[in-house]
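# Residue-level structure breakdown
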Amino acid sequence: MVSVRAALLYRMAFLIEHDAQRTIHLFLKTMTKDSERLMLTSIDALQYLVHHNFVLLTPHIRKWSQYKKEQGKLGAILTHCWLKGYKGSGSLLNNVCKISEAARASSVEIAIANLFYEDEKIKEKCHTIFRRFLQDKSEKVTTQYNHMFLHIRDKNYTFEQFLPCMKMYTKGNAVRRDPHYFYDYLLKYTASYPKECIDLI
């Protein structure tokens, strides 16, 4: 009956708006059988359910971390939970990041997107993640750091705001792997900020 349970889990998130707690209990009841297929199918529902009762789902989150295929998604889910301050989310995030390059990359991606979030606590946590993985040598993680210069133009960040992050970036591993997006970004500001751009290079 794994296929029936998998089909139920895939759409379970849609039930949250009707009764979140009953949906969580149904979710947990459906997950009583350890199955990789169930774990992989349920990850989409998990990203919504964690915001209604994170503590109750913690034992199952530990099981999800064992499945490499979804560690990237789990890293993203746990990063959001940690930013929101859910009890125990920090240690779970640390654990999955230790074993998964994809989880670290997801965490960095979310942090970069929220470096200047209006909530000061969330912003500081994003800066913590940003600093934490700067020396990571894995391709997926360094790619996230390098690609931030492709997306920065879509944000309302000024050069001055972003300057401290760029100074940290230049001391990390990502800039040594593939700096051309960074240089393209600097070229746009050489006239306005010549000294700062030279110092960054």
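Shown above is the structure to which this text applies.
In what follows, the accompanying structure is described. (Residues numbered from 1 in each chain as written. Predicted model: local features only at pLDDT ≥ 70, side-chain atom pairs only at ≥ 80, totals over all residues. Heavy atoms only, no water.)

## Quick notes on the overall build of the protein
Each helix and strand in the protein was counted, giving 13 helices and 0 strands. When the 201 residues of the protein are sorted by exposure, 47% land in the buried category. Of the contacts made within the protein by residues no fewer than 6 positions apart, 65% connect residues no fewer than 24 positions apart. When the accessible area of the protein is evaluated, it comes to approximately 11200 Å², of which 52% is carbon and sulfur surface. (Helix = DSSP H or I, 4+ residues; strand = E, 2+ residues; numbered from the N terminus. Buried < 20%, exposed > 50% of the residue type's maximum accessible area, 1.4 Å probe, protein only. Contact = heavy atoms within 4.5 Å. Areas by Shrake-Rupley, 256 points an atom, 1.4 Å probe, with all protein chains shown as cover.)

## Observations concerning the layout of surface pockets
In this model, the largest pocket occupies a volume close to 190 Å³. What lines the largest pocket is a set of 10 residues, and nearest its centre among them are Glu109, Ile112, Ala113, Met148 and His151. Where the lining of the largest pocket is concerned, the elements lending two or more residues are α7 (101-113) and α9 (139-151). It is α9 that provides the largest number of residues to the lining of the largest pocket, a total of 4 residues. For the lining of the largest pocket, the class distribution of residues is 5 nonpolar, 3 polar and 2 charged. (1 Å grid on protein atoms, 1.4 Å probe; cavity = no way out; pocket = protein on both sides within 12 Å on 5 of 7 lines; lining within 4 Å. Points joined across faces, edges and corners; volume = space filled by probe spheres on them. Nonpolar A, V, L, I, M, F, W, Y, C, P; charged D, E, K, R; others polar.)

## Focus on α9
Taking 1.5 Å as the rise per residue, α9 with 13 residues should run 18 Å; its terminal C-alpha atoms sit 18 Å apart, in good agreement. When the local axis directions of α9 are compared, the greatest deviation, roughly 30 degrees, occurs at Tyr145. On the buried face of α9, the contacting elements are α7, α8 (120-132), α10 (159-169), α11 (174-177) and α12 (180-187). (Expected span 1.5 Å × (residues − 1). Bend = angle between axes of the 7 residues up to and from the residue.)

## Considering the pattern of salt bridges
One pass over the full model with this rule turns up 5 salt bridges. Two residues, Asp199 and Lys195, come together in a salt bridge whose shortest N-O distance is 3.0 Å. Here Asp199 pairs with Lys195, and both are found in helix α13 (residues 194-200), just 4 residues apart, close to one helical turn. The pair Asp199 / Lys195 is uniform in exposure class, with both members exposed. (Salt bridge = Lys/Arg side-chain N within 4 Å of Asp/Glu carboxyl O.)

## Some words on the side chain of Ser107
Relative to the helices and strands, Ser107 is located in helix α7. Once you skip the residues sitting within four places of it in the chain, Ser107 turns out to touch Thr79, Leu93, Ile129 and Phe133.

## Digging into the packing of helix α5 (residues 71-84) against α7
Where α5 meets α7, the axes come as close as 7 Å, and the angle between the chain directions of the two elements is 45 degrees. On the basis of their axis angle, the class for α5 and α7 is oblique. Relative to α7, the crossing made by α5 is right-handed. Here α5 contributes Gln71, Gly72, Gly75, Ala76, Thr79, His80 and Leu83 to the contact with α7, which in turn contributes Ala102, Ala103, Ser106, Ser107 and Ile110. For the contact of α5 with α7, the per-class residue count stands at 5 nonpolar, 7 polar and no charged. (Axes fitted to C-alpha atoms, helices over the stretch in contact; angles between N-to-C directions. Parallel < 35°, antiparallel > 145°, perpendicular 65-115°, else oblique. Left-handed = near helix turned anticlockwise from the far one by under 90°.)

## Side note on the side chain of Arg104
Inspection of the secondary structure puts Arg104 in helix α7. A relative accessible area of 14% places Arg104 in the buried class. Contact partners of Arg104, with chain neighbours within four places excluded, come to Cys97, Lys98, Phe133, Asp136, Ser138 and Val141.

## Things to note about the packing of aromatic side chains
Evaluated as defined, the whole model comprises 14 aromatic pairs. Summarising the aromatic geometry, the rings of Phe159 and Tyr189 are spaced 5.0 Å apart at their centres and angled 40 degrees between planes, so their arrangement reads as tilted. Of the two residues, Phe159 sits in helix α10 while Tyr189 sits in the loop between α12 and α13, which places them 30 residues apart along the sequence. Looking at Phe159, the relative accessible area reads 2%, which means it is buried. (Phe/Tyr/Trp six-rings, centres within 6.5 Å; stacked < 30°, edge-to-face > 60°.)

## Topic: the packing of helix α4 (residues 54-64) against α5
Working note: a packed helix pair is described by the angle between its axes plus the distance between those axes. As a packed pair, α4 and α5 sit with axes 12 Å apart at the nearest point and diverge in direction by 150 degrees. The angle between the axes of α4 and α5 places the two elements in the roughly antiparallel class. The chirality of how α4 crosses α5 is left-handed. Here Phe54, Ile61 and Trp64 of α4 come into contact with α5, specifically with Leu74, Leu78 and Cys81.

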